[in-house]
Amino acid sequence: MNYKEFCQEKLDHLIEIQNLFKQQFDIDSYENWFYDSEFELLRLYNSDEDEVYFTYIPVGTYSKEKQTWMWSWFNDSSIEKNKKKLLVVKEFGIKNQYEKLQEGTFPSDELDGWELTSVCLDFLNGIGAYKVNSDHLDFYMVLTAVEDKNSKSVQQSKQKIVECTQHGFARPGFVCQHLDCKTVSGFHEAFDTYKGMELEEEDDFQAWCDECEKVRAEYGEWNEESENFAQIRLVCENCYFELKKFNQNF
Ligand SMILES: [Zn+2]
Ligand SMILES: [Zn+2]
């Protein structure tokens, strides 16, 4: 079978599966998407109650600017561990001399995205496929299972991201109760931060005011008393850096 025939067969199969998948989960009813590449979770949602989670395997991205395809296994910025599962597709491509299955990146058009995704869906026994569009990239993924909203990974993913009424989804920051954008109160941090910086897993954006710093210094550390005084609250990363800009007094 040549590559074209092979792909057509897989595409036909994808269309069948995709129709069932869309029906079963009412996929088109969701307005918003969000994916967490650390937990390899795709969230489709309208509100906190109206949502569904899937585990996914990243297939690859199509760059609209460069008009190139890049497999996720070739992409260093793709952090999903399950991308390794795509290597069976690559091996199959080598065996059958299907170039597009074995080259990490190549000039492409939008058709390749669905074709390659359909091949992967078959190899990975996916329950459906999804494409996420951003300004520059189309990101294709194979969905492998629906995930329980109460599962550990969904809970952990939710904790990692906060939904801010002003800024939407962003990373969390923790600030003392005294910090606002009305009175300059000083800004102390556990370590130097800047917006968008990478954080180690054990690190968080954390800040407190001059008064809290006095109490903290009195005890020499954070303890029950100083934490009681600070009443740390959760904000989003954007709010955190607005507070930082306003409250720094030097
Ligand atoms: Zn404070
Ligand atoms: Zn915010």
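Residues numbered from 1 in each chain as written. Chains lettered and ligands numbered in written order. Predicted model: local features only at pLDDT ≥ 70, side-chain atom pairs only at ≥ 80, totals over all residues. Heavy atoms only, no water.

What about the packing of helix 1 (residues 3-25) against helix 4 (residues 110-124)?
Helix-helix packing is described using two parameters, namely the angle between the two axes and the distance between the axes.
Move 1: The N-to-C vectors of helix 1 and helix 4 enclose an angle of 75°; their axes lie 8 Å apart at closest approach. In terms of their interaxial angle, helix 1 and helix 4 are classed as roughly perpendicular. In this structure, helix 1 uses Y3, F6, C7, K10, L11, H13, L14 and I17 to contact helix 4, whose residues at the interface are W114, E115, L116, S118, V119, L121 and D122.
Move 2: Here the contact of helix 1 with helix 4 is composed, by residue class, of 10 nonpolar, two polar and three charged. (Axes fitted to C-alpha atoms, helices over the stretch in contact; angles between N-to-C directions. Helix = DSSP H or I, 4+ residues; strand = E, 2+ residues; numbered from the N terminus. Parallel < 35°, antiparallel > 145°, perpendicular 65-115°, else oblique. Contact = heavy atoms within 4.5 Å. Nonpolar A, V, L, I, M, F, W, Y, C, P; charged D, E, K, R; others polar.)

Examining the nonpolar core
Move 1: Membership of the largest hydrophobic core comes to 24 residues, with the highest contact counts inside it found for W69, W71, L101 and C120.
Move 2: Counting only elements with at least two residues in this core, the list comes to helix 1, strand 3 (51-63), strand 4 (68-71), helix 4 and strand 7 (137-147).
Move 3: Excluding anything up to four places from it in sequence, W71 contacts V59, G60, L86, V89, K100, L101, E103, G104, F106, L116 and C120.
Move 4: V162, A170, F205 and A230 belong to the second-largest nonpolar core, a separate cluster that totals 20 residues. (Core = buried A, V, L, I, M, F, W, Y, C linked by side-chain atoms within 4.5 Å. Buried < 20%, exposed > 50% of the residue type's maximum accessible area, 1.4 Å probe, protein only.)

Observations concerning the coordination of the zinc ion (ligand 2)
In an ideal tetrahedron of four donors about a metal, each angle is 109.5 degrees. In an ideal octahedron of six donors, the angles are 90 or 180 degrees.
Move 1: Protein coordination at the zinc ion (ligand 2): the donors are C164 (SG), H167 (ND1), C236 (SG) and C239 (SG), at 2.1 to 2.3 Å from the metal.
Move 2: In primary-sequence terms, the residues that donate to the zinc ion (ligand 2) follow C-x2-H-x68-C-x2-C. Remark: C239 occurs in helix 8 (residues 237-247) and C164 occurs in strand 8 (residues 162-164); sequence separation between them is 75 residues.
Move 3: What makes C239 buried here is its relative accessible area of 15%. (Donors = N, O, S within 2.8 Å, 3.2 Å for Na, K, Ca; no water.)

Quick look at the domain arrangement of the protein chain
Move 1: Entries for the protein chain in the domain assignment read domain 1 (3-153) and domain 2 (161-247).
Move 2: Spacing between the C-alpha centres of domain 1 and domain 2 amounts to 37 Å. (Domains from an automatic or database assignment.)

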